[in-house]
Amino acid sequence: MAAWTNEELTRIGTATELQIASCRRDATLRNPRTIWVVRVGDDLYVRSMNGRSGGWFPGTQARHEGHIRAGGVDKDVTFAEADPDINDQIDAAYGDKYRSYGDRIIGGVVNPEARAATIKLVPR
């Protein structure tokens, strides 16, 4: 399995926004959506504010593959299930990185529905 380089982790992890495009069943990419991304250790995570059934998330479940762009990095990725044991760390990362947006906005990514729709981005 591929790993992120330190430069990729830094560039993506410090980017305010990430463009995510999931692969359809025929391997073509859907239109990219702009979302938030956080870094925890040597891993990158994204969450759907609308839970597993809303927004862009269902598309990630068709092939579990797609493409991201953030911080000048373009990368094909696998969408992996995140370990729920680190949800508190991911919540803290969202709170630290996006605190300027206020608790009401951050609450959209640190609620039970969003936590259930956490994806670990794995480079391909």
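As a starting point, this report considers the structure included with it. Not measured: the values here are computed from a predicted model.

Reading the values: the criteria
- Residues numbered from 1 in each chain as written.
- Predicted model: local features only at pLDDT ≥ 70, side-chain atom pairs only at ≥ 80, totals over all residues.
- Heavy atoms only, no water.
- Salt bridge = Lys/Arg side-chain N within 4 Å of Asp/Glu carboxyl O.
- Helix = DSSP H or I, 4+ residues; strand = E, 2+ residues; numbered from the N terminus.
- Buried < 20%, exposed > 50% of the residue type's maximum accessible area, 1.4 Å probe, protein only.
- Phe/Tyr/Trp six-rings, centres within 6.5 Å; stacked < 30°, edge-to-face > 60°.
- Polar contact = N/O pair within 3.5 Å; in protein donor to acceptor, adjacent residues only side chain to side chain.
- Core = buried A, V, L, I, M, F, W, Y, C linked by side-chain atoms within 4.5 Å.
- Contact = heavy atoms within 4.5 Å.

1. Some details on the pattern of salt bridges
Link 1 in the chain: Per the stated rule, a full pass over the model turns up 12 salt bridges.
Link 2 in the chain: In this structure, the salt-bridge partner of Lys-75 is Glu-8, at a minimum N-O distance of 2.9 Å. Here Lys-75 is found in strand S6 (residues 73–81), whereas its partner Glu-8 is found in helix H1 (residues 6–14), with 67 residues between them in sequence. For the pair shown, Lys-75 and Glu-8 are each scored as buried.
Link 3 in the chain: Arg-124 is the partner of Glu-65 in a salt bridge, and the nearest nitrogen-oxygen pair spans 3.8 Å. Of the two residues, Glu-65 is situated in strand S5 (residues 65–70) and Arg-124 in the segment after strand S7 (118–123); the sequence distance between them amounts to 59 residues.

2. A short note on the packing of aromatic side chains
Within a pair of aromatic rings, the relevant descriptors are the distance that separates the centres and the angle that separates the planes.
Link 1 in the chain: All chains considered together, the criterion is met by five aromatic pairs.
Link 2 in the chain: Here Trp-36 and Tyr-101 contribute two aromatic rings whose centre-to-centre distance is 4.9 Å and whose plane-to-plane angle is 55 degrees, an arrangement assigned as tilted. In this pair, Trp-36 is assigned in the loop between strand S2 (33–35) and strand S3 (38–40) and Tyr-101 in the loop between helix H3 (87–97) and helix H4 (103–106), connecting sequence segments 65 residues apart.
Link 3 in the chain: Classification of Trp-36 by relative accessible area gives buried; the value is 14%.
Link 4 in the chain: For the ring pair Trp-56 and Phe-57, a centre distance of 6.1 Å and an interplane angle of 55 degrees mean the geometry is tilted. Grouping residues by exposure puts Trp-56 and Phe-57 together as buried.
Link 5 in the chain: Put simply, the rings of Trp-36, Tyr-94, Tyr-98 and Tyr-101 pair up and form one aromatic cluster.

3. Describing the side chain of Asn-111
Link 1 in the chain: Positionally, Asn-111 belongs in the loop between H4 and helix H5 (112–115).
Link 2 in the chain: For Asn-111, the side chain forms a polar contact with the main-chain nitrogen of Ala-114, separated by 2.8 Å.

4. Looking at the nonpolar core
Link 1 in the chain: Counting residues in hydrophobic clusters, the biggest one holds 20 residues, and the most contacted among them are Trp-4, Ile-12, Leu-18, Ile-20, Val-46, Ile-68 and Leu-121.
Link 2 in the chain: For this core, the elements supplying multiple residues, two or more each, are H1, strand S1 (18–22), strand S4 (43–47), S5, S6 and S7.
Link 3 in the chain: Per-element tally for this core: the top contributor is S6, with three residues.
Link 4 in the chain: Residues within four places of Trp-4 in sequence aside, it is in contact with Leu-9, Ile-12, Asp-42, Leu-44, Ile-68, Lys-75, Val-77, Leu-121, Val-122 and Pro-123.
Link 5 in the chain: In terms of nonpolar packing, the next biggest core, distinct from the first, is built from 12 residues, Val-40, Tyr-45, Ala-82 and Tyr-94 among them.

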